[in-house]
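Each chain, letter by letter, is given below.
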Amino acid sequence: MKTAILNKGKETKYINGYPLIEEEDIYQQGALESGDLFHLKTAQGDYIATGYVGFQHKGLGWVLTYDEAAVIDQAFFENVFELARQERDYYYRIDGTNAFRLFNGEGDGVGGLTIDYYNGHLLIQWYSRGIYAFRDDIIAAITTVFDYTSIYEKTRFKDSNIEGGFVMGDAPEFPIVIEENFTFYNVHLDDGPMTGIFLDQKEVRKKIRDYYSAERRVLNLFSYTGAFSVIAASEATQTTSVDLANRSRPMTEENFGLNGIDPKTQALYVMDTFDYYKYAERHGLTYDTIVIDPPSFARNKKKTFSVTKDYDKLIKGALPLLNRKGTLVLSTNHSMYPLKSFKNMIKRTMTELGVSYRIDEVMGLPKDFKTHTQYKPSKYLKVVFVTLMD
Ligand code: SAH
């Protein structure tokens, strides 16, 4: 077994269960390569954990077990999957929802690997070449533990020789339709990096429908396939969706159609958000709920946008469009933007503009996106509901 020896003083963090083995904490390692298993040891040579090499974030790899005798084989993965499956019992049984995350990386014990369930069709995502090296054992374990109609995969690391796509089972015709909180969405498992829906926002979508849509005009910025718009439209006076990508229009219209909503009754703009701010101001368009869920980084024309630097500009642009007592739903999935900094930015921005507000809700990941208590970035989703006060 290969080894990685920690720098002196770094052992406590790992003994306490920190799952990402960071390169800068390693004093010496024996020619570790992607997919290798290794023992993580203290400077004195005592065993702490067994990990695999898979480069991700600042990490050399992830801890798999604290049992020195453990063998990392199909049976090992079957055990972790079985635990994960039992913990999702609620999601298998619940009415009105048939899509959720079955296995969430380090939260469920294997960093770098996620498995999602889309009404019987599974999507595996590999986040490094290192975890991909265990593909055969992992797929064999998945087929043993989980029921499935088909299995698809996507790689989240760069390798032009590895193509994602169909793995096994009865291939459906895409898009398939999934249901979430009694709302229907189209899903593609074999078309680019995204699937049409971000399952981690399901509770936020429900919250918006149940509390922030009735008798409101709802603006959804960075709307992608219109998931927030579609669920809001069941209650809202009207919805407006804004996204820069051309593909957002047909995908959003189809999602409205699936739910018996005539897309012509809703507004849809293929436009840059900042351009839409100007357009809406010129046309006197105002809203009662504005959802802002941008990508962490984006480049448009010559402008770049980064949530950690520029989120305040999104708020400043949205406020002139927000009616009295209106609500901003401010979302970010940037794992390196802590909730505290995000809330501070909101406070600073509102104070600067002299706007009084209250925070109604702070939401995060749903339970199927199980997080790791020792690893803060695993709680990457932060959604703050900010309501204006008179
Ligand atoms: N809120 C969506 C997910 C957003 S994904 C949901 O819940 O499903 C990010 C989206 O932002 C992409 O569809 C991308 O096309 C869009 N986007 C990126 N830069 C943009 C910009 N400057 N203005 C408008 N949309 C943008």
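Remember, predicted model here, so these are calculated numbers, not experimental data. (Residues numbered from 1 in each chain as written. Predicted model: local features only at pLDDT ≥ 70, side-chain atom pairs only at ≥ 80, totals over all residues. Heavy atoms only, no water.)

## Comments concerning the packing of aromatic side chains
Right, on to step 1. According to the stated counting rule, one finds 27 aromatic pairs in the structure shown.
Right, on to step 2. For the pair Phe 76 and Phe 77, a centre-to-centre distance of 5.4 Å together with 85° between the ring planes defines the contact as edge-to-face.
Right, on to step 3. Among the residues examined, Phe 77 registers a relative accessible area of 1% and is labelled buried.
Right, on to step 4. Relative to Phe 305, the ring of Phe 222 lies with its centre 6.5 Å away and its plane at 35°, an arrangement referred to as tilted. With Phe 222 in the loop between strand S14 (217-221) and helix H7 (227-233) and Phe 305 in strand S19 (residues 303-306), this residue pair connects regions lying 83 residues apart in the sequence. (Phe/Tyr/Trp six-rings, centres within 6.5 Å; stacked < 30°, edge-to-face > 60°. Buried < 20%, exposed > 50% of the residue type's maximum accessible area, 1.4 Å probe, protein only. Helix = DSSP H or I, 4+ residues; strand = E, 2+ residues; numbered from the N terminus.)

## Brief notes about the sheet that holds strand S21 (residues 357-363)
To summarise the sheet geometry, strands pair through backbone hydrogen bonds and adopt either a parallel or an antiparallel arrangement.
Right, on to step 1. Here seven strands make up an open sheet; going across it, the order is S16-S15-S14-S17-S20-S22-S21 and the pairing mixed. Two strands in the sheet have a free side with no partner beyond their single neighbour: strand S16 (267-270) and S21. Sheet twist, expressed as the mean angle between neighbouring strand axes with direction ignored, is 15°.
Right, on to step 2. Here four bridges tie S14 to strand S17 (residues 287-292), and the two strands are oriented parallel to one another. (Pairing = 2+ DSSP bridges. Axes fitted to C-alpha atoms, helices over the stretch in contact; angles between N-to-C directions.)

## So, the pattern of salt bridges
Right, on to step 1. Summed over all chains, the structure comprises 25 salt bridges.
Right, on to step 2. When the shortest N-O distance is used, the salt bridge between Asp 159 and Arg 129 registers 2.4 Å. Highlighted residues: Asp 159 in the loop between strand S10 (150-155) and strand S11 (165-169) and Arg 129 in helix H4 (residues 129-132), separated in sequence by 30 residues.
Right, on to step 3. Look at Asp 159 and you get partly exposed, because its relative accessible area is 21%.
Right, on to step 4. Of the charged contacts in the structure, one is a salt bridge between Glu 361 and Lys 207, with a shortest N-O distance of 3.4 Å. With a gap of 154 residues between them, Glu 361 in strand S21 and Lys 207 in helix H6 (residues 202-211) connect regions that are remote in the sequence.
Right, on to step 5. Salt bridges linked by common partners bring Lys 10, Lys 13, Glu 22 and Asp 25 together as one network. (Salt bridge = Lys/Arg side-chain N within 4 Å of Asp/Glu carboxyl O.)

## Some details on the packing of helix H2 (residues 74-87) against helix H5 (residues 135-145)
Right, on to step 1. Where H2 meets H5, the axes come as close as 8 Å, and the angle between the chain directions of the two elements is 45°. The angle between H2 and H5 places the two elements in the oblique class. The two elements H2 and H5 cross, and the hand of that crossing is right-handed. Contacts from Gln 74, Phe 77, Glu 78, Phe 81, Glu 82 and Arg 85 of H2 reach H5 at Asp 137, Ile 138, Ala 140, Ala 141, Ile 142, Thr 144 and Val 145.
Right, on to step 2. Along the lines of polarity and charge, the residues of the contact of H2 with H5 split into seven nonpolar, two polar and four charged. (Parallel < 35°, antiparallel > 145°, perpendicular 65-115°, else oblique. Left-handed = near helix turned anticlockwise from the far one by under 90°. Contact = heavy atoms within 4.5 Å. Nonpolar A, V, L, I, M, F, W, Y, C, P; charged D, E, K, R; others polar.)

## Notes on the site of the ligand
Right, on to step 1. What surrounds the ligand is a group of 14 residues, the closest being Phe 222, Asp 243, Asp 272, Thr 273 and Asp 293.
Right, on to step 2. A distance of 3.2 Å separates a nitrogen atom of the ligand from a polar atom in the backbone of Leu 244.
Right, on to step 3. Between the ligand and Thr 273 there is a distance of 2.9 Å, counted from a nitrogen atom to a backbone nitrogen or oxygen.
Right, on to step 4. A total of 580 Å² of accessible area belongs to the ligand in isolation, and the protein chains cover 90% of it.
Right, on to step 5. Residues that form the shell around the ligand fall into these classes: nine nonpolar, one polar and four charged. (Near = heavy atom within 4 Å. Polar contact = N/O pair within 3.5 Å; in protein donor to acceptor, adjacent residues only side chain to side chain. Areas by Shrake-Rupley, 256 points an atom, 1.4 Å probe, with all protein chains shown as cover.)

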